[in-house]
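Overview (structure and organization)
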Amino acid sequence: MVNMIVFLVCAIICILGATGVVFSRNPVHSALSLVATLFGIAVLFVQMAAQFLAAVQVIVYTGAIVVLILFVIMLLGVDKEEDIDDEPLAGQRVSAYLVAGVTIVGLVVLLGLAGFNDPNNERRGLGVATADLVTGDKSVTAPLSTSMATTGRGDVVENADPDNIKTLGRLLFTKYVFAFEVTGLLLTIAVVGAVVMARRPTDLVAPPEEPASMEDDFMADVEAESSGAH
Amino acid sequence: MTQLYPAMLGLSAALFAIGAMGLLRRRNPLVMIMCVELMLNAVNLTFVTFGNMLNDAAGQAIVFFVLVVAAAEVVVGLGIIVAISRRKPGATADDISMLRG
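Residues numbered from 1 in each chain as written. Chains lettered and ligands numbered in written order. Predicted model: local features only at pLDDT ≥ 70, side-chain atom pairs only at ≥ 80, totals over all residues.

**Focus on the overall build of chain B**
Short version of the rule: By definition, any uninterrupted DSSP run of H or I lasting at least four residues is a helix, any uninterrupted run of E lasting at least two residues is a strand, and each is numbered from the N terminus. Put plainly, a residue is buried at 20 or more neighbouring C-beta atoms within 10 Å of its own, exposed at 12 or fewer, and partly exposed in between, counting only other residues' C-beta atoms, which are placed from the backbone. A pair of residues counts as a contact when their C-beta atoms, built from backbone coordinates, are separated by no more than 7 Å.
Along the backbone of chain B there are 3 helices and 0 strands. For the C-alpha atoms alone, the extent of chain B along its principal axes is close to 55 × 25 × 15 Å. The proportion of buried residues among the 101 residues of chain B is 59%. Put simply, 44% of the contacts in chain B that link residues at least 6 apart link residues at least 24 apart.

**A look at the confidence of the model for chain A**
All names here are of chain A. Threshold: The pLDDT score gives, residue by residue, the confidence of the prediction method on a 0 to 100 scale.
On average, chain A scores 75 in pLDDT, and the residues at 70 or more come to 61%. Confidence drops under pLDDT 50 across residues 123-138; counting only partners more than four residues distant or on other chains, this segment forms 25 contacts. Segment residues 146-160 is flagged for pLDDT under 50; beyond a separation of four residues in sequence, or across chains, it makes 21 contacts in the model.

**Section: the interface of chain B and chain A**
Put simply, the rule reads: Think of it as three bins: nonpolar holds Ala, Val, Leu, Ile, Met, Phe, Trp, Tyr, Cys and Pro, charged holds Asp, Glu, Lys and Arg, and polar takes everything else, Gly as well.
Contact with chain B, which involves 64 residues of that partner, is made by 79 residues of chain A. Within the residue set of the side of chain B that touches chain A, elements represented by two or more residues are α1 (5-25), α2 (29-53) and α3 (58-87) of chain B. Ranked by residue count, the leading element in the side of chain B that touches chain A is α3 of chain B, at 21 residues. For the side of chain B that touches chain A, a count of residues per class yields 45 nonpolar, 13 polar and 6 charged.

**Examining the packing of helix α2 (residues 27-47) of chain A against α2 of chain B**
Here is the rule we go by: All axes here are fitted lines through C-alpha atoms, helices being fitted over the stretch that makes contact, and every angle between N-to-C directions spans 0 to 180 degrees. Note that the term roughly parallel is reserved for angles under 35 degrees, roughly antiparallel for angles over 145, roughly perpendicular for angles of 65 to 115, and oblique for everything else.
Viewed as axis vectors pointing N to C, α2 of chain A and α2 of chain B meet at an angle of 5 degrees, and their least axial separation amounts to 10 Å. For the element pair α2 of chain A / α2 of chain B, the angle class is roughly parallel. For the pair α2 of chain A and α2 of chain B, the contacting residues are Pro27, Ser30, Ala31, Leu34, Thr37, Leu38, Ile41, Leu44 and Phe45 of chain A in the first and Leu30, Val31, Met34, Glu37, Leu38, Asn41, Leu45 and Val48 of chain B in the second. The residue makeup of the contact of α2 of chain A with α2 of chain B, split by class, is 13 nonpolar, 3 polar and 1 charged.

**What to know about the packing of helix α6 (residues 164-173) of chain A against α3 of chain B**
For the record, the criterion: Note: crossing handedness is left-handed where the near helix turns anticlockwise from the far helix by less than a right angle, and right-handed where it turns clockwise.
Relative orientation of the contacting elements α6 of chain A and α3 of chain B amounts to 65 degrees, with a least axis distance of 9 Å. Taken together, the axes of α6 of chain A and α3 of chain B are roughly perpendicular relative to one another. Relative to α3 of chain B, α6 of chain A is oriented so that their crossing is right-handed. Together, Leu168, Leu171 and Leu172 of chain A of α6 of chain A and Gln60, Ala61 and Phe64 of chain B of α3 of chain B make up the contact between the two elements. When grouped by side-chain class, the residues that make up the contact of α6 of chain A with α3 of chain B number 5 nonpolar, 1 polar and no charged.

**Focus on unusual backbone geometry**
All names here are of chain A. Backbone geometry places Ala49, a non-glycine residue, at a positive phi of 60 degrees. Structurally, the position occupied by Ala49 is in the loop between α2 and α3 (51-76). Residue classification places Ala49 among the buried positions, given that 23 C-beta atoms sit within 10 Å.

**A look at the nonpolar core**
The line we're drawing: Each nonpolar core comprises buried Ala, Val, Leu, Ile, Met, Phe, Trp, Tyr and Cys residues, the members being joined through C-beta atoms within 7 Å.
Counting 67 residues, the largest nonpolar core has Phe45 and Ile69 of chain A together with Leu15, Ile18, Met34, Cys35 and Leu38 of chain B as its most contacted members. For this core, the secondary-structure elements that each account for two or more residues are α1 (2-23), α2, α3, α6 and α7 (177-198) of chain A together with α1, α2 and α3 of chain B. The dominant element in this core, judged by the number of residues it contributes, is α2 of chain B, at 13 residues.

**Topic: α1 of chain B**
The α-helix winds at 3.6 residues per turn, so residues separated by three or four positions along the chain end up facing the same way. We count it as follows: In a helix, the anticipated span is given by 1.5 Å times the number of residues less one.
Helix length check: α1 of chain B (21 residues) gives 30 Å between terminal C-alpha atoms against 30 Å at 1.5 Å per residue, within 8%. By the criterion of burial, α1 of chain B is predominantly enclosed, with 17 of the 21 residues buried.

**What about the environment of Thr49 of chain B?**
Take Thr49 of chain B: it is sitting in helix α2. If we skip the residues at most four places from it in the chain, Thr49 of chain B touches Met48 of chain A together with Tyr5, Met8 and Leu9 of chain B.

**Describing the environment of Ala198 of chain A**
Checked against the element boundaries, Ala198 of chain A lands in helix α7. C-alpha separation for the pair Ala198 of chain A and Val108 of chain A, spaced 90 residues apart in sequence, amounts to 42 Å. Not counting chain neighbours up to four residues away, the residues in contact with Ala198 of chain A comprise Gly79, Val82 and Ala83 of chain B.

**Focus: the confidence of the model for chain B**
All names here are of chain B. Per-residue confidence for chain B gives a mean pLDDT of 86; residues scoring 70 or more make up 93%. Looking across chain B, the model is least confident in α3, with a mean pLDDT of 88, and most confident in α2, with 91. Complex prediction metrics read pTM 0.78 and ipTM 0.91.

What follows is the structure, encoded as structure tokens:
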């Protein structure tokens, strides 16, 4: 019951934030709506016992990415309103709505076909063979904590073990260690690329004043003063 | 909790569709990047949900990698936007289709 209420509140926040991102005329409002959506998703992560990911979501996304986007908005001074009804490409808006509708209908139909709504369906989801391969004890990676605890209110709390982060860390540094290293390399490349990209190009920079001429002016001033003194 | 998993998947489908619609509809490159972030978050939610359904920690491990790639993508994308806006202030996605100054 509590889970349901939390989910409903977060879902409403997420959907409202997402529509705010898409339909706000002001990019700053879009960024703030994105923050609302990211927070809603972080709460859902906590609900699904992914505490580490929830913390990272808040720190990295709302603390770094959205702030970076806001910095760029302020830096470029593009916080002016955009006329989103303007449509230079004929049919762009209609095709966007069409793609969104097809996407959501297709995904929901797929969910229905997969049979996730029927808990008694043994073959639900990915099929028996795949499920045997990737689930629980036979997992090809590592099982999440399998401890099941029951709260006083009768809700079954899955993965109540707070050491879920230990599983994740061990997985990152054993099975996925190569991907982890490549990720570090990717971040380095991204930093270098951003610096190269955002550097002011040399042909746009006003040439610096010649030090020699400054020295000449200074010497001229000195000579003028000294001649005046005489 | 278990009965909420289909709803989680439905929510992430909705978020993904909204993000795709925004990406196709908006012309401000900054807002387009935000819509890409929205779609990535919808996928993250799906990964965590499936990881819990299948009791597999890989669902959470891959979200970690998605987060890193999203951060790198934003950094490079914003660098490109800053570089373009310096040459063409107020450029929209239509104005920069030639990818040259």
